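# An overview of the molecular structure
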Amino acid sequence: MTLGDGFAGGEGGVDDGPHAPFDGVPSSTLLDVLMGEEQARQASEIRTWQGIVAWAERNLYDDDGSAEKPVGDVVAALDTGVRLAGDRAPLVAEFALMELVAVLGRTPNGGRRYVARILECAWRLPHVYAAVVAGRLAPWRAAKIAEATVQLNAQAAAFVDRQLFAAHRVSWAQLDRLIDEAIKRFDADLAEAQRQQQRE
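Below is a summary of the structure that appears in this document. These figures come from a predicted structure and were not determined experimentally.

### A look at the overall build of the protein chain
Broken down by element type, the protein chain carries eight helices and two strands. Mapped in sequence order, the helices and strands of the protein chain form the string α-β-β-α-α-α-α-α-α-α. Here the protein chain holds 200 residues, and 34% of them are scored as buried. Considering only contacts in the protein chain between residues 6 or more positions apart, those separated by 24 or more positions represent 58%. Summed over its atoms, the accessible surface of the protein chain is roughly 12,700 Å², and 52% of this surface lies on carbon and sulfur atoms.

What follows is the structure, given as structure tokens:
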């Protein structure tokens, strides 16, 4: 019995085996198909990022202690704000975040981290976010940059964003050095905390 056995499309139907969509497709053509699929996947990921940023703008947590509007039947006043991105980034309504994570089909912790990286780029790394939207920077690379900058204060994050905008290409080692430089220049509290940790 092969993997395709038992999956025929009925009497006289087409075999729906594991390679069915590409049966008989030449290798050269298949590469073109796969390239198109990858480009479509990346375009879809960028649209997802843009959609999440638009969602965040509609679900900011007001300074007066309430969410902008109820989520479902939940009273907005019972909601709380969650800071996903770094220093000076706005809060988002927690109930709305739970709903978003469920829609994305992610675990609560994994979904929060995913959304946090996107909001870190959109609010604190505008040049990085613009590069993602323009297709110049892969979303997964931007997400790794956001992981590194979320600990920084607003000035240090802005410094990193400007330096990345000026550079044509930065390795992970160069990014680490850039983060260290930003901390030394603009984040004395974090620099001191790191020195204390090293002593310990």
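### Quick notes on the packing of aromatic side chains
Pairs of aromatic rings are described using the distance from one ring centre to the other and the angle between the two planes. The tally for this structure, following the rule as stated, stands at two aromatic pairs. A ring pair is formed by W140 and W172, whose centres lie 6.3 Å apart and whose planes are at 55 degrees; its orientation type is tilted. One end of the pair, W140, is in helix 5 (residues 139-149); the other, W172, is in helix 7 (residues 172-186), with 32 residues separating them in the sequence. Residue classification places W172 among the partly exposed positions, given a relative accessible area of 33%. An angle of 45 degrees between the planes, with centres 5.3 Å apart, marks the rings of F159 and F186 as tilted. Of the two residues, F159 sits in helix 6 (residues 154-166) while F186 sits in helix 7, which places them 27 residues apart along the sequence. Among the residues examined, F159 registers a relative accessible area of 5% and is labelled buried. With relative accessibility at 26%, the residue F186 sits in the partly exposed group. Above the ring of Y114, the side-chain terminus of R106 is found at 3.7 Å from the ring centroid. Directly above the aromatic system of W172 lies the positively charged group of K144, at a separation of 5.4 Å from the ring centroid.

### Overview of the environment of Q39
Considering the arrangement of structural elements, one finds Q39 in helix 1 (residues 27-58). Residue Q39 is classed as exposed on the basis of its relative accessible area of 51%. Expressed as a C-alpha distance, the spacing of Q39 and G135, which sit 96 residues apart in the sequence, is 10.0 Å.

### Section: the side chain of D187
Tracing the backbone shows D187 in the loop between helix 7 and helix 8 (188-199). R124 provides the closest opposite charge to the buried, salt-bridge-free D187, at an N-O distance of 7.7 Å. Excluding residues that lie within four positions of it along the chain, D187 makes contacts with Q151, L152, N153 and A182.

### A look at unusual backbone geometry
In this model, R88 sits at a positive phi of 70 degrees, which is unusual for a non-glycine residue. Locating R88 in the fold gives a position in the loop between strand 1 (81-82) and strand 2 (92-93). Residue class for R88 comes out exposed when judged on its relative accessible area of 69%.

### Describing the nonpolar core
Counting 47 residues, the largest nonpolar core has W49, V115, L152 and V160 as the members making the most contacts within it. Ranked by the residues each element gives to this core, the list is headed by helix 3 (residues 108-124), at seven residues. Not counting residues up to four positions away in its chain, the partners in contact with V115 are I52, W55, L84, L97, L100 and L104.

Scoring rules and cut-offs
- Residues numbered from 1 in each chain as written.
- Predicted model: local features only at pLDDT ≥ 70, side-chain atom pairs only at ≥ 80, totals over all residues.
- Heavy atoms only, no water.
- Helix = DSSP H or I, 4+ residues; strand = E, 2+ residues; numbered from the N terminus.
- Buried < 20%, exposed > 50% of the residue type's maximum accessible area, 1.4 Å probe, protein only.
- Contact = heavy atoms within 4.5 Å.
- Areas by Shrake-Rupley, 256 points an atom, 1.4 Å probe, with all protein chains shown as cover.
- Phe/Tyr/Trp six-rings, centres within 6.5 Å; stacked < 30°, edge-to-face > 60°.
- Lys NZ or Arg CZ within 6 Å of the ring centre and 35° of its normal.
- Lys, Arg positive; Asp, Glu negative; His and termini not counted.
- Salt bridge = Lys/Arg side-chain N within 4 Å of Asp/Glu carboxyl O.
- Core = buried A, V, L, I, M, F, W, Y, C linked by side-chain atoms within 4.5 Å.

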